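These are the residues of each chain, in order.
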Amino acid sequence: RRPRVCRPGRSRTVALEDFRGAGRVTVLANVYVGCNAGRREAAVFAHVGQRYYDAHPDRVAFVNSLKGGTDCDKWPGLYERDTVRLYPEESKDVKSGTNMPLVVDDDAFTMRDDFFTTPFGHPSYVVLDGELTVRHKFTGPCCGIEDYYSCSNDDALALDATISGYVDAILAETPAETAPAETGAPSVGSPAVPAESTGAPSAASPCETGAWSAWSPCSLVCRDADGDAGVQFRTRTVTDRRAVAGRCPKVSTVRECREEVPACDATGYEAPGPQCVPEFGTSRTVAAASGGFDDPRDVAFHPAPGTHLGAYSEGREYPADKGEEAWVLNGGNHSVSIVAGMGTKGQTTMSRRDRGYYHYMIEATALAFNSVRNSGREADRDSFGYWAVCNDNLNTYLDTKEPNYFMGPTLYNSDPSGGNTVNGAGRPCGPADECFLLHSDMLHEAPGCIGIAHDPETATAFGNVYWAFDSTGDRVDGQLVRFDFQQPHGPGSMDHSVASVRRYPEVKLKRGPPGVHAGMVVHPTRRELFVAVPGAGTVLAMGVDSGAFARTARAEYPIFSNRLPSFEYSIWECAETRVFAAGLATPSGLALSADGERLFVAEHATGVLHTFEVASGALLATLATGRTSIGGLAVSDVSRRLHFVDRDTHTLNVVAASAPCPAPYASRASAAFAAAVRNATAELGAGFSLRLDGGCAVDTVVPDFSLFEQVHADTGYASNDTDVQGAAGMDADAALLAGRTDCAADSDLNFDALLLGGVYCHVC
């Protein structure tokens, strides 16, 4: 992954390998925008970086990773002003920010996770030599201070001496005659300047735009009688030569192409109407594959069957190496049922739930696995086989407490070797013991959560990104929320300080009746998230890599998991969202076909399964199942059959084609349009968009530092809402609450604090 350099200049990306070379030195800074110590030291880092660039433009690069919520146009301006105060004389000649430091938009936290794995402190730094070997790694002199001015000028300036000593020593190791020539020309560490440019980006040099291209082909070959419109686009080059805040014009524009597209019956294209899809064939059966569940809400297939149960568990044998393994989520008894050896003679079912199910798996309504094999991540970080559930509850502890909305998705590791299964006494689970799950992490920003999908991205270090349907939202509309658990705290810990949660209030959602699942799935190559919206009768499609930070969410949504700067809680705007399908009757489950070409949509009460072509949105086929309460859908990677759960019959069902399709269905998607999109994306990168709304601008707000706890003094929940977390829950004395017996719903005994103290079993 090549993060974007957003200051100075905006027309390049970088990777660590760019800084390799004999005689070079690279200094990386790990700073969070909500950290007072980080802001204090950032001014020193910027000045020292520019000073070394002025002296050694081809040999030294300083890189600052921007993360935690803000943008490159406003936050660097804070420390650039601070630089003048710290260096009143030198700053007359050393104009920090002109060339250094390079501010990198590290929204995936890759730089931090590569070099500053938690619990390494911050602000922190690494110094790399020309072979990219870490020569020095240290925390800054202001680390641990709470107030900006608690770190004196002299303390902050000590960073200058430390970095300078390290850099000078490495520079001296390479004789001047063998070091890169210092010509003053743009180097690997400076902003990219087009060849025809006469100088570096400046405030006076404008955004240069080229001529518009011709309009692309339309996205559809033909349209149905209802007149569904396709889209087409045109592009132009935009060269950003500015070094100040602001935005250049967009590189693409999009319009509908309704009139340009003929009706399907006039083109030789197969007439609109039902077509044959492989999963249904020309004839099929719909039958129960397993039963006896308790209000099943969702189903997913484990990507590595046998991982969790093995060949023997709880005194029973399992066909660990045979058949498939379906995991069914039970809303009725707050458990997950594992159907092992599915489709074989040895098929059997085992149910388990969290030891603290009343909080971590309460009315769980959606389940998703990380099924990304060979992600390229380090083995000890790869979360392949992890799974998460979404809890449709407002944190009432089985209706024994008033709701406090401190609820969200729970993350689990399905591999029991990680110490995440215990017996009833909380000890390691033996072969004959009844086993309970221990969660690996939990975040608390989506109460009433009814849908969840794993994001198969490979940019983050751990692969724990999930999208969730928060039905409570702003208490008017539900909202889409992106959860990145990042480095899970693991079983037995309660540290939620390392995570990223992003709200998308512009993506308005509406739940269906109680207990109705909302299907969600991320297309792995199109990078689109499909969301069933039961209460609106629609399916939305959103570009998961679109949108931008707007402001912190801490003020508007005061219930969250942790107050430290390393916990990002932000509001994102301008995500590319469209209605993929409308006019549906309470859409619930969603699933992609194994080849990603078709999207299956279930209607909860009618029992109808719709099949849409992903590329065009065309309705290909409709199947009446005869069921009346369909929840989640899943397609098996092995059999490629479509499965669904039904709440009223308490069954897991399978659709099996008994006669194959005689020929492939006719696609309505234009191959010429798809080729044009690929070419435009390759040429223009992230700037290319297929938005129909004419563009969207985000006016970012730098977070208020008072919203952040500056020093990591505890390892538990850290909401500032006393209905969520009382003072006793902020420290190790939480366990002392175990003796309390005031169990009434309106008592101030905080059950979240009890869990923080490790109290899973209590008289209340």
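Residues numbered from 1 in each chain as written. Predicted model: local features only at pLDDT ≥ 70, side-chain atom pairs only at ≥ 80, totals over all residues. Heavy atoms only, no water.

1. Considering the pattern of salt bridges
Overall, the coordinates contain 28 salt bridges when judged by the stated rule. Arg 39 serves as the salt-bridge partner of Asp 82, at 3.2 Å between the closest nitrogen and oxygen. Of the two residues, Asp 82 is situated in helix α2 (residues 75–86) and Arg 39 in helix α1 (residues 36–55); the sequence distance between them amounts to 43 residues. Residues Arg 511 and Asp 392 are paired through a salt bridge, measuring 2.8 Å at the closest nitrogen-oxygen approach. Residue Arg 511 is found in the loop between β28 (499–509) and β29 (520–522), and its partner Asp 392 is found in the loop between β20 (386–391) and β21 (410–413); the two are separated by 119 residues along the sequence. (Salt bridge = Lys/Arg side-chain N within 4 Å of Asp/Glu carboxyl O. Helix = DSSP H or I, 4+ residues; strand = E, 2+ residues; numbered from the N terminus.)

2. Let's talk about the environment of Phe 530
With respect to the secondary-structure elements, Phe 530 resides in strand β30 (residues 528–533). Judged by its relative accessible area of 0%, Phe 530 falls in the buried class. For the pair formed by Phe 530 and Val 544, sequence separation is 14 residues and the distance between their alpha carbons is 9.8 Å. (Buried < 20%, exposed > 50% of the residue type's maximum accessible area, 1.4 Å probe, protein only.)

3. Concerning the state of the cysteines
The final tally for this structure, using the stated rule, is 6 disulfides. Residue Cys 276 pairs covalently with Cys 661 via a disulfide, S to S 1.9 Å. Judged by the sign of its S-S torsion, about -85°, the bond between Cys 276 and Cys 661 is left-handed. Note that Cys 276 is positioned in the loop between β11 (252–256) and β12 (283–291) and Cys 661 in the loop between β41 (651–659) and α6 (671–684), a separation of 385 residues in sequence. According to the relative accessible area criterion, Cys 661 is partly exposed, its value standing at 21%. The disulfide partner of Cys 743 is Cys 764, and the S-S distance across this bridge is 1.9 Å. Its torsion about the S-S bond being -75°, the disulfide of Cys 743 and Cys 764 is classed as left-handed. Taken together, the positions of Cys 743 in the loop between α6 and α7 (751–756) and Cys 764 in the segment after α7 put the pair 21 residues apart, joining distant regions of the chain. With no disulfide partner, Cys 143 has as its closest neighbouring cysteine sulfur the one in Cys 35, 7.5 Å distant. (Disulfide = S-S within 2.5 Å.)

4. Describing α6
If you check α6, its first and last C-alpha atoms are 20 Å apart, about what 14 residues at 1.5 Å a residue would give, namely 20 Å. Along α6, the residues classified as buried are Phe 673, Ala 676, Val 677, Ala 680 and Leu 684. When α6 is viewed along its axis, its buried side chains cluster within an angular range of 100° and face the same direction. Away from the buried face of α6 by more than 90 degrees, exposed residues Ala 671, Arg 678, Asn 679 and Ala 682 are located. (Expected span 1.5 Å × (residues − 1). Arc of directions from axis to C-beta.)

5. A closer look at the sheet that holds β30
Read from one edge to the other, the open sheet built from 4 strands follows the order β29-β30-β31-β34, with strand pairing classed as antiparallel. The two strands at the open ends of the sheet, each matched to only one other strand, are β29 and β34 (577–581). Averaged over all pairs of adjacent strands, the angle between their axes in this sheet comes to 25°, without regard to strand direction. By the bridge criterion, 4 bridges tie strand β31 (residues 538–543) to β34 in an arrangement that is antiparallel. Counterpart to Ala 541 in the pairing with β34 is Arg 578. (Pairing = 2+ DSSP bridges. Axes fitted to C-alpha atoms, helices over the stretch in contact; angles between N-to-C directions.)

6. As for the side chain of His 610
On the secondary structure map, His 610 appears in strand β37 (residues 608–613). Of note is the side chain of His 610, whose polar atom sits 3.1 Å from the side chain of Glu 603. At 3.1 Å, the side chain of His 610 forms a polar contact with the side chain of Thr 622. Ignoring sequence-local partners within four residues, the contact set of His 610 consists of Leu 584, Leu 599, Phe 600, Val 601, Glu 603, Leu 619, Ala 621 and Thr 622. (Polar contact = N/O pair within 3.5 Å; in protein donor to acceptor, adjacent residues only side chain to side chain. Contact = heavy atoms within 4.5 Å.)

7. Here's the deal with the nonpolar core
Phe 62, Trp 75, Ile 163 and Val 167 are the most contacted members of the largest nonpolar core, which has 56 residues in total. The element that contributes the greatest number of residues to this core is α1, accounting for 9 residues. Ignoring anything within four residues of it in the chain, the contact list for Trp 75 reads Val 31, Val 33, Arg 39, Ala 42, Asn 64, Leu 66, Thr 70, Val 702 and Phe 705. Residues Ala 300, Tyr 357, Val 422 and Leu 749 belong to the second largest nonpolar core, which totals 37 residues. (Core = buried A, V, L, I, M, F, W, Y, C linked by side-chain atoms within 4.5 Å.)

8. So, helix α4 (residues 153–172)
The first and last C-alpha atoms of α4 sit 29 Å apart over 20 residues, in line with the 28 Å expected at 1.5 Å per residue. Buried residues along α4 sit against β3 (25–30), α1, β4 (60–66), β6 (124–128) and β7 (134–139).

9. Topic: the packing of α1 against α4
Interaxial distance between α1 and α4 falls to 9 Å at its minimum, and their mutual angle equals 35°. Crossing geometry of α1 relative to α4 is assigned as right-handed. Across from Arg 40, Glu 41, Val 44, Phe 45, Val 48, Arg 51 and Tyr 52 in α1, the residues of α4 making contact are Asn 153, Ala 156, Leu 157, Leu 159, Asp 160, Ile 163, Ser 164, Val 167, Asp 168 and Leu 171. By residue class, the composition of the contact of α1 with α4 is 10 nonpolar, 2 polar and 5 charged. (Left-handed = near helix turned anticlockwise from the far one by under 90°. Nonpolar A, V, L, I, M, F, W, Y, C, P; charged D, E, K, R; others polar.)

10. Brief notes about the confidence of the model for the chain
Residues with a pLDDT of 70 or more make up 89% of the chain, whose mean pLDDT is 87. The low-confidence segment residues 182–204 (pLDDT under 50) makes 50 contacts with residues lying over four places distant or belonging to another chain. For the stretch residues 713–731, pLDDT sits under 50, and the model shows 54 contacts to residues farther than four places along the chain or on other chains. (pLDDT = per-residue confidence, 0-100.)

11. Considerations on the side chain of Ser 546
In this structure, Ser 546 sits in the loop between β31 and β32 (548–552). Exposure remark for Ser 546: the relative accessible area of 10% places this residue in the buried category. Of the polar contacts made by the side chain of Ser 546, one reaches the backbone oxygen of Gly 543; its length is 2.6 Å. In this structure the side chain of Ser 546 is engaged in a polar contact, spanning 2.8 Å, whose partner is the backbone nitrogen of Glu 576.

12. Considerations on the packing of aromatic side chains
Enumeration according to the criterion identifies 26 aromatic pairs in this entry. Taking the centre distance of 5.2 Å and the plane angle of 85° together, the rings of Trp 327 and Phe 369 count as edge-to-face. Placement of Trp 327 in strand β16 (residues 324–330) and of Phe 369 in strand β19 (residues 364–369) is noted, with a sequence separation of 42 residues between them. For the pair formed by Trp 327 and Phe 369, the shared burial category is buried. Relative to Tyr 569, the ring of Phe 560 lies with its centre 5.6 Å away and its plane at 40°, an arrangement referred to as tilted. (Phe/Tyr/Trp six-rings, centres within 6.5 Å; stacked < 30°, edge-to-face > 60°.)

13. Considering the environment of Asn 153
Residue position: Asn 153 is located in helix α4. Classification of Asn 153 as partly exposed rests on a relative accessible area of 37%. The spatial distance from the C-alpha of Asn 153 to the C-alpha of Arg 85 is 9.3 Å, given a sequence separation of 68 residues. Dropping the residues within four chain positions of it, Asn 153 is found in contact with Arg 40 and Leu 86.

14. Some words on the sheet that holds strand β13 (residues 296–301)
Strand order in the open sheet formed by 4 strands is β13-β16-β17-β18, with antiparallel pairing between adjacent strands. The open sheet has two free edges, formed respectively by β13 and β18 (348–352), since each of these has just one partner strand. Pairwise comparison of adjacent strand axes, ignoring direction, gives a mean angle of 20° for this sheet. The sheet contact formed by strand β17 (residues 335–342) and β18 spans 5 bridges and is antiparallel. If you follow Val 336 over to β18, its bridge partner there is Arg 352.

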